[in-house]
Each structure stands twice: as C-alpha cells, then as structure tokens.
Amino acid sequence: MDKNCLFCRISRGASSTDFLFENEMLVVFKDINPAAPVHLLIVPKKHIRSINDLSDDDRPILSEMLMVARDMAAQYEVAKSGYRLFFNVERGGGQVIFHLHLHLIGGWNKR
Ligand code: 5GP
Ligand code: ZN
C-alpha cells in the first residue's frame, strides 16, 4: 500500500469508485476517461509499479487478472465481438498511473 498512489486508494475502497467486481486479489472498475464504449481497468490490490516490477510470487495475481478480464468481457458482452487487453509500461509506453493495471477495451461493434 502506497499512501500517495491513486489506485492503492481506489482498490482499498477509499474513494467513491464503484467496483464492477472485487475479490481478495483485485478490483475492476470503469476507466474515468473511456477510450472505447467499454473500458475497464483490472487492478491488483497489491501495489506493483508496472510489469517491470513483477516478481515470481506475483504469478497468481497476473493469471487472476487475465481470467477476470475474460469473465468481464463476457459480462460486458464484448467477448464475441472482440476486445483488446493491454498494459502500458512506464512513461514511454503511455503509463501515467504507476500501479499495475490491465486495460480491457471493446464494444465498438457488437456483432
Ligand atoms: P495508464 O495510462 O496509466 O495505463 O492508464 C491509467 C488510466 O487510468 C487512464 O486510462 C485514466 O483515464 C484512468 N484513470 C485515471 N485516474 C482515474 C480515476 O480516478 N478513476 C478511474 N476510474 N480511472 C482513472
Ligand atoms: Zn498503488
């Protein structure tokens, strides 16, 4: 837990952000500035700066993030039409919040 980290605060429930899903490892909420009709963020509760900072012990977190992303895609009805999952890594990769998060975007063409 990093006191100055926005996603630490959000994932601890210390903000008004609604969770679409929560378990012991992670939370899912809507991106405040959506880049697509569906734009969700899958965010571990543990403070990890970026993909670069993952340790071997974090393997279960990563796999849970992907499995929950799969489930959220189905729930938000973009699984069949298709979606993108991505991590921005460090400033040059477009990362602005330095707490690991997986973007799920889709819903452009729900056919
Ligand atoms: P990054 O560029 O670091 O991969 O993505 C950070 C994302 O977090 C951005 O898409 C941004 O819109 C989103 N974001 C930033 N602050 C907040 C916030 O306070 N609440 C929510 N729900 N999303 C946020
Ligand atoms: Zn954090």
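Please read all numbers here as calculations on a predicted model, not as lab measurements.

J.: How would you explain the coordination of the zinc ion (ligand 2) if you had to name every residue and give the values?
T.: For the zinc ion (ligand 2), every protein donor is listed as Cys5 (SG), Cys8 (SG), His47 (ND1) and His99 (ND1), and the spread of their distances is 2.0 to 2.3 Å. Viewed at the metal, the 4 donor atoms of the zinc ion (ligand 2) are separated by angles of 104 to 115°, and the geometry they form is tetrahedral. In primary-sequence terms, the residues that donate to the zinc ion (ligand 2) follow C-x2-C-x38-H-x51-H.

J.: Residues and numbers for the site of ligand 1, please.
T.: Near ligand 1, the surroundings consist of 16 residues, among which Lys30, Asp31, Gly94, Val96 and His101 are the closest. For ligand 1, whose unbound accessible area comes to 520 Å², protein coverage reaches 82%. When residues of the shell around ligand 1 are traced back to their parent elements, those giving at least two are α1 (6-11) and β2 (26-30). Its residues assigned to classes, the shell around ligand 1 comprises 8 nonpolar, 6 polar and 2 charged.

J.: Run through unusual backbone geometry, naming residues and quoting values.
T.: Residues other than glycine predominantly adopt negative phi, and peptide bonds predominantly adopt the trans conformation. Residue Glu77 is not a glycine yet carries a positive backbone phi of 60°. In this fold, Glu77 is placed in the loop between α2 (59-75) and β4 (83-86). On the basis of relative accessible area, Glu77 is assigned to the exposed category, the value being 60%. Look at Glu90: it is not a glycine, yet its phi comes out positive at around 60°. Mapping Glu90 onto the fold places it in the loop between β4 and β5 (102-106).

J.: So what's going on with the side chain of Asp58? Residues and values would help.
T.: Structurally, Asp58 can be placed in the loop between β3 (38-44) and α2. Exposure remark for Asp58: the relative accessible area of 3% places this residue in the buried category. Within polar-contact distance, the side chain of Asp58 engages the side chain of Lys46 at 2.6 Å. Not counting chain neighbours up to four residues away, the residues in contact with Asp58 comprise Lys46, Ile48 and Asp53.

J.: I'd love a proper account of the pattern of salt bridges, names of residues and values included.
T.: Following the criterion strictly, the structure yields 5 salt bridges and no others. We note a salt bridge from Lys46 to Asp58, for which the minimum N-O separation is 2.6 Å. Remark: Asp58 occurs in the loop between β3 and α2 and Lys46 occurs in the loop between β3 and α2; sequence separation between them is 12 residues. Taking the shortest distance from any N to any O, the salt bridge between Arg49 and Glu90 comes out at 2.7 Å. Taken together, the positions of Arg49 in the loop between β3 and α2 and Glu90 in the loop between β4 and β5 put the pair 41 residues apart, joining distant regions of the chain. For Glu90, a relative accessible area of 21% puts it in the partly exposed group.

How each quantity is defined
- Residues numbered from 1 in each chain as written.
- Chains lettered and ligands numbered in written order.
- Predicted model: local features only at pLDDT ≥ 70, side-chain atom pairs only at ≥ 80, totals over all residues.
- Heavy atoms only, no water.
- Donors = N, O, S within 2.8 Å, 3.2 Å for Na, K, Ca; no water.
- Tetrahedral: all angles 85-135°; square planar, octahedral: opposite > 155°, others 65-115°.
- Near = heavy atom within 4 Å.
- Areas by Shrake-Rupley, 256 points an atom, 1.4 Å probe, with all protein chains shown as cover.
- Helix = DSSP H or I, 4+ residues; strand = E, 2+ residues; numbered from the N terminus.
- Nonpolar A, V, L, I, M, F, W, Y, C, P; charged D, E, K, R; others polar.
- Buried < 20%, exposed > 50% of the residue type's maximum accessible area, 1.4 Å probe, protein only.
- Polar contact = N/O pair within 3.5 Å; in protein donor to acceptor, adjacent residues only side chain to side chain.
- Contact = heavy atoms within 4.5 Å.
- Salt bridge = Lys/Arg side-chain N within 4 Å of Asp/Glu carboxyl O.

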